[in-house]
Amino acid sequence: MYTTSDNSMGKVLTTITVTNRIDEANASQGLIPVERIRSVTLHNVLVDTGATTLCLPAHTIATLGLDLLKEVDVTTATGLSKARIFQDAKISLYGREGTFECLELPGGRDALLGVIPLEALGLELDLQHQTLKVLPSESVDTYLTIL
């Protein structure tokens, strides 16, 4: 089971694996050995519907060796500030995988999993059970739609 909950606080926490997607591509082309693919497993990642995307601490981004994409303005609880966006972070959880941008969190903050990765991976917050629910990817009930 990947998800635990802290019912007293109303938080949903999960475990995710984040991998440098460029390392994977380089390994598949024989440019680096598979053993050099940088990857980390993060425990107690807060599922945060107030966050837009994956948010990682600077030390995790450095460990993964993710490339800087851009610097952006972000709105936080303390107001407007600058943040750096990194690219090619592959997330794996609940048997689902996807590659996303990630926002660098200020020092010491724990990773957050926001709504864009949740929706893209077909995961839904189950508020009644305070856990994540895997949406079906096959049959008429699939979460994947083209309208």
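Below: a short report on this structure. (Residues numbered from 1 in each chain as written. Predicted model: local features only at pLDDT ≥ 70, side-chain atom pairs only at ≥ 80, totals over all residues. Heavy atoms only, no water.)

## A word on the layout of surface pockets
Remark: the empty space left among the atoms is shown by a probe the size of a water molecule rolled over them. Condition: We place a 1 Å grid over just the protein atoms. Points where a 1.4 Å probe fits but has no way out form a cavity, open points with protein on both sides within 12 Å along at least 5 of 7 lines form a pocket, and any residue with an atom within 4 Å of a point lines it. Grid points are joined across faces, edges and corners, and a volume is the space filled by probe spheres set on the points. Each helix corresponds to a stretch of at least 4 residues labelled H or I by DSSP, and each strand to a stretch of at least 2 residues labelled E; elements are numbered beginning at the N terminus. Under the scheme applied here, ten amino acids are nonpolar (Ala, Val, Leu, Ile, Met, Phe, Trp, Tyr, Cys and Pro), four are charged (Asp, Glu, Lys and Arg), and all others, including Gly, are polar.
Its boundaries defined by the atoms lining it, the largest pocket holds a volume of some 550 Å³. Together, 24 residues line the largest pocket, and Cys55, Val74, Thr75, Thr76 and Leu103 are the ones closest to its centre. Broken down by secondary-structure element, the contributors of at least two residues to the lining of the largest pocket are β5 (67–76), β6 (79–93) and β7 (96–105). In terms of residue class, the lining of the largest pocket is built from 11 nonpolar, six polar and seven charged.

## Quick notes on helix α1 (residues 21–28)
This is how the line gets drawn: Accessible area is worked out with a 1.4 Å probe on protein chains only. A residue is then buried under 20% of its type maximum, exposed over 50%, and partly exposed in between. To be clear, the arc concerns the directions from the helix axis to the C-beta atoms. Throughout, a contact is declared for two residues whenever any of their heavy atoms are within 4.5 Å. Polar contacts, as counted here, are pairs of nitrogen or oxygen atoms within 3.5 Å of one another; within protein the pair requires one atom able to donate a hydrogen and one able to accept it, and residues that are adjacent in sequence qualify only if both atoms are side-chain atoms.
Within α1 the residues assigned to the buried category are Asp23, Glu24 and Ala27. Down the axis of α1, the buried set is contained in an arc of 100°. They therefore lie on one face. Summarising the contacts, the buried residues of α1 are in contact with β2 (11–20), α2 (58–64) and β6. Where α1 begins, the capping side chain belongs to asparagine 20, and its oxygen is found 2.9 Å from the backbone nitrogen of isoleucine 22. Just past α1, the residue glycine 30 takes up positive phi, approximately 80°.

## Comments concerning the pattern of salt bridges
For side chains of opposite charge, pairing can occur when their charged atoms come near one another. The following threshold applies: The rule for a salt bridge is simple: a side-chain nitrogen of Lys or Arg has to be within 4 Å of a carboxyl oxygen of Asp or Glu.
One pass over the structure, following the stated rule, counts seven salt bridges. Between arginine 21 and glutamate 24 there is a salt bridge whose closest N-O contact spans 3.4 Å. Highlighted residues: arginine 21 and glutamate 24, both in helix α1, separated by three residues, approximately one helical turn. Residue classification places arginine 21 among the partly exposed residues on the basis of a relative accessible area of 33%. With a closest N to O distance of 2.9 Å, lysine 82 and aspartate 73 form a salt bridge. On the accessibility criterion, aspartate 73 (49% relative accessible area) is partly exposed. In the salt-bridge network here, residues are joined through shared partners; they are Arg21, Glu24, Lys90 and Glu97.

## Describing unusual backbone geometry
Its identity is not glycine, yet asparagine 44 carries a phi of approximately 55°, on the positive side. Tracing the sequence through the fold places asparagine 44 in strand β3 (residues 39–47). Asparagine 44 sits in the partly exposed class, given a relative accessible area of 49%. The phi angle at aspartate 88 is positive, at roughly 70°, despite the residue not being glycine.

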